[in-house]
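# Coordinate inspection notes
The lines below spell out each chain.
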Amino acid sequence: MSVTPVAGVQGTVQSAIALASARTGIDFNYLLGQAQVESGLNAQARAPTSSARGLYQFIEQSWLSVVKNHGGEHGLGWAADAIQTGANGRLTVSDPATRRAILGLRNDPQTAALMAAEHAADNKAGIEATLGRPATGTDLYMAHFLGLGGARKFLSVLEANPDRIGAGLFPAAANANRNIFYGPGGKPRTVGEIYERFAARLDNGAGAAGATGLASATLGEGIADGAEIIPGNGESQSGAVRWAQATLDQLNGGSRPVQQGAALLRPSPDNARLAYLLLASLGGL
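Within any chain, residue numbers begin from 1 and follow the written order of that chain's sequence. Given that the model is predicted, a residue must reach a pLDDT of at least 70 before its local features are reported, and side-chain atom pairs must reach 80 or more before they are shown or counted; all residues, however, enter totals for whole chains, interfaces and linings. Side-chain measures here rest on the full set of heavy atoms in the structure, leaving out hydrogens and waters.

Here the focus is the overall build of the chain. Counting secondary structure elements, the chain contains 14 helices and four strands. Relative accessible area decides the class of each residue, using a 1.4 Å probe on protein chains only: under 20% of the type maximum gives buried, over 50% gives exposed, and in between gives partly exposed. Counting all 285 residues of the chain, 44% fall into the buried class. Throughout, a contact is declared for two residues whenever any of their heavy atoms are within 4.5 Å. Within the chain, counting contacts between residues at least 6 apart in sequence, those at least 24 apart form 58% of the total. Note on areas: Shrake-Rupley with a 1.4 Å probe; residue coverage comes only from the protein chains shown. Working note: accessible area of the chain is about 14,300 Å², and carbon and sulfur atoms make up 51% of it. Elements are defined by DSSP. Helices are runs of H or I of four residues or more, strands are runs of E of two residues or more, and each kind is numbered from the N terminus.

Pasting the structure below:
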């Protein structure tokens, strides 16, 4: 069979994200939605008030940290070896040209997507160890926003007291992001309200970038009664439910229940075609 050459799509943002997802196991649609929210899928995006750059708006220290920890796994050993940790914990690169080259990688879609996926995987492990449950996409986005320590604190409070005011827990973050921590008229938002806004923001980002079919309902043995499975384009509700059930059966062999709080995201035809092309280019077909 003939396969369309991948060269035409290899440099695109979506192909870079798909490849990062395949290499790390982090959900493609989560990474796509995060990139849409953070940069509008613009690999050259620059924050006006911080050092954040690229698809995932990594600030300098966060970028140096993830490259130090994971660069060697993805052909960036030269960069990882050049990054040193000072006595105060701050990461530095002694050679100015090398430092510029490493930070410049934030604007490379493939490198940025890989590091974002590795960062998400680290956060996922940390969140699940703390909370004792699977991490959702929104949990991962909270860790991207607040850092892993902040996310652990936020999510623990969310479980115990969702009506607690968020700004009191994170005053510095609230001062820098008043639109998140405060509503109209300056009314402070609760941690429950903040989490819901992040969930909606991530879902909207994924939808704007072409992902369809997010179902955030709780799933137990198969599809729970009343679970909402959002159809793909031109698909009936019953068809979406049949797809979800068939997917669960295939994943679980019909016996192992899906973890509570799991979310299904049905791929769009374009995303499926892109994944096919990437697998073909890697010799998987």
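On to the packing of aromatic side chains, then. By convention here, two paired aromatic rings are described through the distance between centres and the angle between planes. Planes of paired rings set the category: under 30 degrees apart is stacked, over 60 is edge-to-face and the rest tilted, where pairs are Phe, Tyr or Trp rings (Trp by its six-membered ring) whose centres lie within 6.5 Å. Tallied over the full model, the rule gives five aromatic pairs. An angle of 65° between the planes, with centres 5.1 Å apart, marks the rings of Phe 58 and Trp 63 as edge-to-face. The rings of Tyr 141, Phe 145, Phe 181 and Phe 198 are connected pair by pair, giving a single aromatic cluster. Cation placement over rings: the criterion is NZ of Lys or CZ of Arg within 6 Å of the ring centroid and within 35° of the ring normal. In this structure, Lys 153 packs its charged tip against the face of Phe 170, placed 5.2 Å from the ring centre. When the ring centre of Tyr 182 is taken as reference, the NZ or CZ atom of Arg 178 above it lies at 4.2 Å.

Below, the discussion takes up the nonpolar core. Ile 17, Tyr 56, Trp 63, Phe 154 and Phe 181 are the most contacted members of the largest nonpolar core, which has 60 residues in total. The element that contributes the greatest number of residues to this core is helix H8 (residues 137-160), accounting for 10 residues. What is meant by a nonpolar core is a set of buried Ala, Val, Leu, Ile, Met, Phe, Trp, Tyr and Cys residues, joined one to another through side-chain atoms within 4.5 Å.

The next subject is H8. One less than the number of residues in a helix, times 1.5 Å, gives the span that helix is expected to have. Taking 1.5 Å per residue, 24 residues should reach 34 Å; H8 reaches only 20 Å between its end C-alpha atoms and comes up short. The largest bend in H8 is about 120°, located at Gly 147. By definition, a residue's bend is the angle between the axes fitted to the seven residues ending there and the seven starting there.

Let us now look at the packing of helix H2 (residues 13-24) against helix H3 (residues 28-39). At a minimum axis distance of 9 Å, the contact between H2 and H3 shows a crossing angle of 140°. Classified by the angle between their axes, H2 and H3 sit oblique to one another. Along this stretch, H2 crosses H3, giving a crossing that reads as right-handed. When H2 is examined against H3, the residues Gln 14, Ile 17, Ala 18 and Ser 21 are found in contact with a partner set consisting of Phe 28, Leu 31, Leu 32 and Ala 35. Residues are grouped as follows: Ala, Val, Leu, Ile, Met, Phe, Trp, Tyr, Cys and Pro are nonpolar; Asp, Glu, Lys and Arg are charged; every other residue, Gly included, is polar. The class makeup of the residues in the contact of H2 with H3 is six nonpolar, two polar and no charged. In this description, a line fitted to the C-alpha atoms serves as the axis of each element, helices being fitted only across the stretch in contact, and the angle between N-to-C directions of two axes falls anywhere from 0 to 180 degrees. Each angle gets one of four labels, with under 35 degrees taken as roughly parallel, over 145 as roughly antiparallel, 65 to 115 as roughly perpendicular, and the rest as oblique. A clockwise turn of the near helix away from the far one marks a right-handed crossing, whereas an anticlockwise turn of less than a right angle marks a left-handed crossing.

Glancing now at the pattern of salt bridges. The term salt bridge refers to a pairing of a side-chain nitrogen on Lys or Arg with a carboxyl oxygen on Asp or Glu at a separation within 4 Å. Scanning the entire structure with this criterion turns up four salt bridges. The salt bridge partner of Arg 99 is Glu 60, with a shortest N-O separation of 2.8 Å. Of the two residues, Arg 99 is situated in helix H6 (residues 96-104) and Glu 60 in helix H4 (residues 60-70); the sequence distance between them amounts to 39 residues. Among the residues examined, Glu 60 registers a relative accessible area of 23% and is labelled partly exposed. Where Lys 124 meets Glu 128, a salt bridge forms, and the shortest distance between an N and an O atom there is 2.9 Å. One end of the pair is Lys 124 and the other is Glu 128, both in helix H7 (residues 109-131) and four residues apart, which spans about a single turn. Overall, Lys 124 belongs to the partly exposed group, its relative accessible area being 31%. What makes Glu 128 partly exposed here is its relative accessible area of 24%. One continuous salt-bridge network, built from bridges that share partners, spans Arg 133, Asp 139 and Glu 159.

Mapped onto the fold, Arg 53 is located in the loop between H3 and H4. Arg 53 has contacts with Ala 45, Arg 46, Ala 47, Phe 58, Arg 106 and Asn 107, leaving out every residue within four places of it along the chain.

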